[in-house]
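Close look at the chain arrangement
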Amino acid sequence: MEPEELLNENNQGKKDSPLASLEVDLKLFNESIREVAVEIMVEGLSSYPIFIAHQHELALGEIILDRHDLNSEWTIHASTLEEFMERGVIKKELEQRFIDTYKNPKTHMCVFVIVPEGANFVFFPYAKD
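Description of the structure in this document. (Residues numbered from 1 in each chain as written. Predicted model: local features only at pLDDT ≥ 70, side-chain atom pairs only at ≥ 80, totals over all residues. Heavy atoms only, no water.)

**Re the overall build of the chain**
Along the chain, the regular secondary structure elements total six helices and five strands. Tracing the chain from N to C terminus, the helices and strands come up as α-α-α-β-β-α-β-α-α-β-β. The buried share among the 129 residues of the chain stands at 41%. Contacts in the chain between residues far apart in sequence, at least 24 positions, make up 53% of those at least 6 positions apart. Accessible surface, the chain as shown: approximately 8,000 Å² in total, 49% of it carbon and sulfur. (Helix = DSSP H or I, 4+ residues; strand = E, 2+ residues; numbered from the N terminus. Buried < 20%, exposed > 50% of the residue type's maximum accessible area, 1.4 Å probe, protein only. Contact = heavy atoms within 4.5 Å. Areas by Shrake-Rupley, 256 points an atom, 1.4 Å probe, with all protein chains shown as cover.)

Here it is in structure tokens:
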């Protein structure tokens, strides 16, 4: 899924998606998120870092950016494919499909977006250096 699909950018006549604020936050915290992704990979924790964006309480991953502390719209947690599988968010039989879909972590952040209507993965490009 591309960010535009999640953000409903091509739907004329519809209200702006509340997820538009997520794009703002992801751009704002781009470097911090990239640093955490690199750290996860360099430390050998996972080759598949996953960031979780939400606006409620969540017991998955570790908080890296708290919306209350940063006066932003979204809280971001850092996690990994391994934790998602351990917790049953990604089933074992879907592991390879996830890996095949996963974009280069040097160019895109993998974000699991949780909204009241549900949750989905989106690959959001890092800003160019």
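**Overview of unusual backbone geometry**
Phi angles above zero are rare outside glycine, and asparagine 71 is one such case at about 55°. The residue asparagine 71 is located in the loop between α4 (67-70) and β3 (75-80) in this model.

**Brief notes about the sheet that holds strand β5 (residues 118-125)**
With mixed pairing, the five strands of this open sheet are ordered in space as β2-β3-β1-β4-β5. Each end of this open sheet is capped by a strand with a single partner; those strands are β2 (62-65) and β5. Averaged over neighbouring strand pairs, the angle between their axes works out to 35° when direction is ignored. Those strands touched by helix α3 (residues 30-42) are β1 (49-54), β2, β3, β4 (108-115) and β5, and its axis lies near 140° from that of β1. (Pairing = 2+ DSSP bridges. Axes fitted to C-alpha atoms, helices over the stretch in contact; angles between N-to-C directions.)

**Let's talk about the pattern of salt bridges**
A pair can form between side chains of opposite charge whenever their charged atoms are brought close. By the definition in use, this model includes four salt bridges. Of the charged contacts in the structure, one is a salt bridge between arginine 34 and glutamate 31, with a shortest N-O distance of 3.4 Å. With arginine 34 and glutamate 31 both in helix α3 and three residues apart, the pair spans about one turn of that helix. Taking the relative accessible area as the measure of exposure, arginine 34 reaches 14% and is therefore buried. For glutamate 83, the salt bridge goes to arginine 87, with nearest N and O atoms at 3.8 Å. (Salt bridge = Lys/Arg side-chain N within 4 Å of Asp/Glu carboxyl O.)

**Overview of the environment of serine 21**
Assignment of secondary structure puts serine 21 in helix α2 (residues 20-28). Within polar-contact distance, the side chain of serine 21 engages the side chain of tryptophan 74 at 2.9 Å. (Polar contact = N/O pair within 3.5 Å; in protein donor to acceptor, adjacent residues only side chain to side chain.)

**Some points on the environment of leucine 19**
Inspection of the secondary structure assignment puts leucine 19 in the loop between α1 (3-7) and α2. By relative accessible area, leucine 19 is classed as buried at 8%. Each C-alpha atom of the pair leucine 19 and valine 115 lies 8.6 Å from the other, and the pair is 96 residues apart in sequence.

**Here's the deal with the pairing of β3**
Most of β3 is tucked away, with six of its six residues classed as buried. A two-sided burial pattern is seen for β3, the buried positions comprising Thr75, His77 and Ser79 on one face and Ile76, Ala78 and Thr80 on the other. Relative to β3, β1 runs antiparallel, the two being bridged by six bridges. From the neighbouring strand, proline 49 faces β3, where its bridge partner is threonine 80.

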